[in-house]
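A structural walkthrough
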Amino acid sequence: MAKTILITGGAGFIGSNFIRYVLAESDVSVVNLDALTYAGNLENLTAVEGNSRYHFVHGRIENSELVRYICKEFKVDGIINFAAESHVDRSIENAQPFVDTNISGTLALMTIARELCLERFLQVSTDEVYGSLGAHGEFTEESPLAPNSPYAAAKAAADCLVRSFVHTYNFPAVITRCSNNYGAYQFPEKLIPLMILNALENKPLPVYGDGLNVRDWISARDHSAAVWLAYTHGKIGEVYNVGADSERKNIEVIKAILALTGKGEELISYVKDRPGHDRRYAIDSTKIRTELCWKPTVPFENGLAETVKWYQENSEWCAHVRSGEYMKYYKKQYGVRVSVSGKPV
Ligand code: NAD
Ligand code: TDX
């Protein structure tokens, strides 16, 4: 019989990409539990709304009663936990929601999964738990956890709880740690969509620090395929790094976006750096490539061009997610930053 999986945070950027992917690529049914925070948007899922294998429940992962009810009612076989507070800058402002969702929420989900003897739990984690790299080397699954932001610390704490459940209770969990994602439906507080929308509107592009920080980029679709493989074929108790060998300096990404949008480099505006800004991330994903035969399929330059096109063609989605709360956030985050190039941000 086809399985039913509880996907948490499925109305967010990666969760919604994953739901579209798994409904297309498998016969499983999906229950999407999402709190619809500022980052959760049901418009990300219009493509699957009418699918009889898709169900949505509005609620929080910390709500154990609700999670227990959903698991029983829908006869859930396993859980994939995407739900999180995910933006580093917001965690620097206020870490509490990150502790509530990323740590307490993960604990609540695992407690119910254990109580009901669910067959599998996958924790969607991040390379940020490993901290920052110098000019050389890559994160492997053996790299020590050294989180530097409250966001990364909360994700690392959740990973430690998952590890402890495996060790103590033989809990059937797997962890994936992926590098920076990009693609359609990403909330425009993150680097790539923020820069695309600002460029399209001829607004300054706020570059933190010297712009030479390095991120290792992967398309959300390639990440989704890796999560699904790790869920279905990963070994219990194992961690799998996920990355596409696409390291780029921030300024290179920003210049590529300017070229794709046909805008000039005079829009670049160097601003005050992010406190504690990690210098470089790079992922060694040999393990998932060799053990689970996963490989990325989208070259960064192609994926970035497709992403720019998507934001150009989906102005209504952009207008909806940027109304109200977003404007307040933008003013607070960028209004006080001093523009090094002298232009207002
Ligand atoms: P996102 O912020 O776009 O989406 C998060 C979703 O979780 C939203 O729909 C939100 O409403 C929901 N949510 C938040 N708190 C909740 C709660 N308490 N209960 C239920 N739902 C809640 O995040 P994203 O970028 O899609 O990231 C998804 C996951 O992938 C996160 O766990 C993140 O740590 C991880 N990750 C992200 C990246 C990246 O580059 N974005 C890279 C590696 C790992
Ligand atoms: O306005 C900006 N200017 C800028 O220079 C923003 C928003 C970002 N940046 C820089 C900071 C980083 O070096 O761009 C880089 C990427 O920033 P973010 O998009 O905020 O991502 P990052 O901090 O790298 O974290 C991301 O990757 C790992 C996600 O937000 C996390 O959810 C994920 O776990």
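The following refers to the structure shown.

The next point concerns unusual backbone geometry. For Tyr 185, which is not glycine, the phi dihedral falls at a positive 70 degrees. Mapped onto the elements of the fold, Tyr 185 is located in the loop between strand S7 (180-182) and helix H6 (191-200). On the accessibility criterion, Tyr 185 (16% relative accessible area) is buried. Even without glycine at this site, Asn 202 takes up a positive phi of about 55 degrees. Position of Asn 202 relative to the elements: it lies in the loop between H6 and strand S8 (205-208).

Quick look at the side chain of Asp 278 now. Mapped onto the fold, Asp 278 is located in the loop between strand S12 (268-271) and helix H9 (286-291). For the buried Asp 278, no salt bridge is present, and the opposite-charge side chain at shortest range is Arg 215, 5.3 Å distant. A polar atom in the side chain of Asp 278 sits 2.7 Å from the side chain of Asn 148. The residues touching Asp 278, leaving out its near neighbours within four places in the chain, are Gly 131, Ser 132, Asn 148, Asn 213 and Arg 215.

Turning to the pattern of salt bridges, a few remarks are in order. Applying the stated criterion across every chain, the model contains 19 salt bridges. The residue Asp 159 makes a salt bridge to Arg 177 at a minimum N-O spacing of 2.8 Å. A residue pair is termed long-range when its members are at least 10 positions apart, and Asp 159 in helix H5 (residues 150-169) and Arg 177 in strand S6 (residues 173-178) qualify at 18 residues. For Arg 177, a relative accessible area of 5% gives the class buried. Across the pair Glu 313 and Lys 309 runs a salt bridge, and its minimum N-O distance is 3.4 Å. Of this pair, Glu 313 and Lys 309 both sit in helix H10 (residues 300-313), 4 residues apart, which is roughly one turn of the helix. Accessibility expressed as a relative area gives 46% for Lys 309, which makes it partly exposed. Linked by salt bridges that have partners in common, Arg 90, Glu 189 and Lys 190 make up one network.

This part covers the site of ligand 1. As a matter of local geometry, ligand 1 sits amid 30 residues, with Ile 14, Asp 34, Ser 86, Tyr 151 and Lys 155 nearest to it. Within the backbone of Leu 36, a nitrogen or oxygen atom sits 3.4 Å from an oxygen atom of ligand 1. Within the contact set of ligand 1, a nitrogen atom lies 2.8 Å away from a side-chain nitrogen or oxygen of Glu 62. Its free accessible area being 830 Å², ligand 1 has 97% of it covered by the protein chains. Looking at the shell around ligand 1, the elements that each hand over two or more residues are helix H1 (13-25), strand S5 (120-126), H5 and S7. With 3 residues, the top contributor of residues to the shell around ligand 1 is S5. A breakdown of the residues in the shell around ligand 1 according to their chemical character gives 13 nonpolar, 12 polar and 5 charged.

Reading the values: the criteria
Residues numbered from 1 in each chain as written. Chains lettered and ligands numbered in written order. Predicted model: local features only at pLDDT ≥ 70, side-chain atom pairs only at ≥ 80, totals over all residues. Heavy atoms only, no water. Helix = DSSP H or I, 4+ residues; strand = E, 2+ residues; numbered from the N terminus. Buried < 20%, exposed > 50% of the residue type's maximum accessible area, 1.4 Å probe, protein only. Lys, Arg positive; Asp, Glu negative; His and termini not counted. Salt bridge = Lys/Arg side-chain N within 4 Å of Asp/Glu carboxyl O. Polar contact = N/O pair within 3.5 Å; in protein donor to acceptor, adjacent residues only side chain to side chain. Contact = heavy atoms within 4.5 Å. Near = heavy atom within 4 Å. Areas by Shrake-Rupley, 256 points an atom, 1.4 Å probe, with all protein chains shown as cover. Nonpolar A, V, L, I, M, F, W, Y, C, P; charged D, E, K, R; others polar.

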